[in-house]
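What follows is the residue order along each chain.
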Amino acid sequence: MGFTGKVVAVTGGGLGIGRATALAFGAAGARVAVVDAGREQAEETAQLIEQAGGQAVALVADVSSEGDVRKFMAAVAGRWSGLDVLVNNAGVMAPPLGRTADGFELQFGINHLGHFLLTSRLFP
């Protein structure tokens, strides 16, 4: 299946499986939004996609923060008419007890609440 011209966002796209996913979509012709809480990782992945001849933009967003999710949605709306594909990859597994900026338990906040907010707002 070709993704030429499609707009694809990959959360957690700065490292690991997310990076591999973003690179694969870039190689398939997609315009890739590399979404990551770490600016350097997101920018590095976007550069790798562009060096391989693809199109990419690094967008910094921490899906554990409702404010960051909303900023990301505004950035998408300002850049494209919408997304064709959203890969909700960012997640954590068994972190030490912590809280999101909004006060939720960290793992639940990132793996469930943040991605639910992101998905439900981008694809009503």
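Residues numbered from 1 in each chain as written. Predicted model: local features only at pLDDT ≥ 70, side-chain atom pairs only at ≥ 80, totals over all residues. Heavy atoms only, no water.

### As for the overall build of the protein chain
Consideration 1: Of regular secondary structure, the protein chain possesses four helices and four strands.
Consideration 2: Start at the N end of the protein chain and walk to the C end: the helices and strands fall as β-α-β-α-β-α-β-α.
Consideration 3: The globule rule puts the C-alpha radius of gyration for 124 residues at 14 Å, and the 14 Å found for the protein chain is close to it.
Consideration 4: Summarising its shape, the C-alpha atoms of the protein chain cover approximately 40 × 30 × 25 Å along the three principal directions.
Consideration 5: Classification of the 124 residues of the protein chain by burial places 40% in the buried group.
Consideration 6: Here the contacts in the protein chain between residues at least 6 apart in sequence split such that 60% fall between residues at least 24 apart.
Consideration 7: Put simply, the protein chain shows about 6,700 Å² of open surface, and 55% of that area lies on carbon and sulfur atoms. (Helix = DSSP H or I, 4+ residues; strand = E, 2+ residues; numbered from the N terminus. Rg over C-alpha atoms; globule rule 2.2 N^0.38 Å. Buried < 20%, exposed > 50% of the residue type's maximum accessible area, 1.4 Å probe, protein only. Contact = heavy atoms within 4.5 Å. Areas by Shrake-Rupley, 256 points an atom, 1.4 Å probe, with all protein chains shown as cover.)

### Let's talk about the packing of aromatic side chains
Consideration 1: A full pass over the atoms with the stated rule returns one aromatic pair.
Consideration 2: With centroids separated by 4.9 Å and ring planes inclined at 90°, the aromatic side chains of Phe3 and Phe25 adopt a geometry described as edge-to-face. Residue Phe3 is located in the segment before β1 (7-11), and its partner Phe25 is located in helix α1 (residues 16-27); the two are separated by 22 residues in the primary sequence.
Consideration 3: Using a relative accessible area of 16% as the deciding quantity, one classes Phe3 as buried. (Phe/Tyr/Trp six-rings, centres within 6.5 Å; stacked < 30°, edge-to-face > 60°.)

### A word on the sheet that holds strand β2 (residues 31-36)
Consideration 1: An order of β3-β2-β1-β4 is seen for the four strands of this open sheet, with the pairing classed as parallel. One side of each edge strand has no neighbouring strand; the edge strands of this open sheet are β3 (55-60) and β4 (85-87). Across the sheet, the axes of successive neighbouring strands diverge by a mean angle of 15°, strand direction being ignored.
Consideration 2: Relative to β4, β1 is paired through three bridges, and the arrangement is parallel. Bridge pairing in β4 places Val8 opposite Val85.
Consideration 3: Against the sheet, helix α2 (residues 39-51) contacts β2 and β3, and its axis sits at roughly 175° relative to β3. (Pairing = 2+ DSSP bridges. Axes fitted to C-alpha atoms, helices over the stretch in contact; angles between N-to-C directions.)

### Considering the side chain of Asp36
Consideration 1: Relative to the helices and strands, Asp36 resides in strand β2.
Consideration 2: Buried charge Asp36 goes without a salt bridge, the closest partner of opposite sign being Arg19 at 7.9 Å.
Consideration 3: Apart from the residues lying within four places of it in its own chain, the contact partners of Asp36 are Gly12, Gly13, Gly14, Leu15, Gln41, Ala42, Leu59, Val60 and Ala61. (Lys, Arg positive; Asp, Glu negative; His and termini not counted. Salt bridge = Lys/Arg side-chain N within 4 Å of Asp/Glu carboxyl O.)

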